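# Structural description and commentary
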Amino acid sequence: MTSSHPRLVDPSWLSEHLGDPSIRIVDATVHLRFDEDGAHTESGRETYQAAHVPGATFADQLLDLTEHDGEAPFAAARSEHFAEVMGGLGIGNEHTVVVYDHVNGIWATRLWWQLGLEGHDDVVVLDGGLRAWQDAGHPVATGGAVYPATTFTPHRRAQRAVSTADVEAATQDPSVLLINSLARGSFAEARIPGSVNVPFDELVDEQGRLRGADELRPLFDSVGALDPTVSPVTYCGGGIAATAVAFALQGLGRGDVAIYDGSMTAWTSDASRPLERG
């Protein structure tokens, strides 16, 4: 494993562990694009089938791991449904799960967070995703891969996700630190009152690899996120990029970060909720 984060692995480590029966490799890709009509998501199954780490299965977060009638488009699936999907993918509580994506890492950390939400901590993220795997000269496979179905037993940790009501209360509670994970321009346009900003795109280098602790620590320290007297809650547009910030914080010793799963989508659904700008 790489030394910059206890839950991060590099392509060399993964290459050495291909075929290990205790490991389940999962492609967690979702494609997100923006145009004049807003944000659009698309399942990553097609790109998975075109190229993936050998032995990796595909978790369709968009279609299978989202509560479609939740307060935001990407609300986490209910525990029972999540467990059914994981078991169907061949992921049990005894497995080390290696997650990656084709894009910028936020979809991998989203699945990392959902597994942790359901009590499964034995999860690592492939640093730099499929791009890093290919840049290292490792082969890719096409088509699909299936592990034998098994049983996944969830143990929901409710404290790892907060609701809109919780965030409303947090705006008046100095012991809670709300961290907006969007780019600085989006943060300036509109944010939940009292929030600080740690943009997810500043957590990685030009190759999409997570920056080292010596670079990340000053970034988080500058907004008070490492203060042990506050409880960090991360949010973004829809609860995806927020998980990348939570993942980076875990590498700095903060395993107590909660995600506002509804994020700005849920917050702005009621025009009476206040926003800060500028």
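In short, a report on the structure. (Residues numbered from 1 in each chain as written. Predicted model: local features only at pLDDT ≥ 70, side-chain atom pairs only at ≥ 80, totals over all residues. Heavy atoms only, no water.)

### Here we look at the sheet that holds strand β5 (residues 57-58)
- Read from one edge to the other, the open sheet built from 5 strands follows the order β1-β7-β6-β2-β5, with strand pairing classed as parallel. At either margin of the open sheet sits one strand with a lone partner, and together these are β1 (8-9) and β5.
- In this sheet, strand β7 (residues 123-126) lies alongside strand β6 (residues 96-100) in parallel orientation, the contact comprising 3 bridges. Residue pairing for β7: V99 is matched across the bridge by V125.
- Its contacts with the sheet put helix α5 (residues 106-117) on β2 (23-27), β6 and β7, and the angle it makes with β6 is roughly 150°. (Pairing = 2+ DSSP bridges. Helix = DSSP H or I, 4+ residues; strand = E, 2+ residues; numbered from the N terminus. Contact = heavy atoms within 4.5 Å. Axes fitted to C-alpha atoms, helices over the stretch in contact; angles between N-to-C directions.)

### Observations regarding the packing of aromatic side chains
- This model, assessed by the stated rule, comprises 5 aromatic pairs.
- Centre to centre, the rings of F74 and W107 are 5.4 Å apart; their planes meet at 50°, and the pair counts as tilted. Of the two residues, F74 sits in the loop between α3 (61-64) and α4 (79-88) while W107 sits in helix α5, which places them 33 residues apart along the sequence.
- A centroid spacing of 5.9 Å and a plane angle of 75° characterise the contact between F82 and F152, whose relative ring orientation is edge-to-face. Note that F82 is positioned in helix α4 and F152 in the loop between α6 (129-135) and β8 (161-162), a separation of 70 residues in sequence. When sorted by exposure, F82 lands in the same class as F152, which is buried. (Phe/Tyr/Trp six-rings, centres within 6.5 Å; stacked < 30°, edge-to-face > 60°. Buried < 20%, exposed > 50% of the residue type's maximum accessible area, 1.4 Å probe, protein only.)

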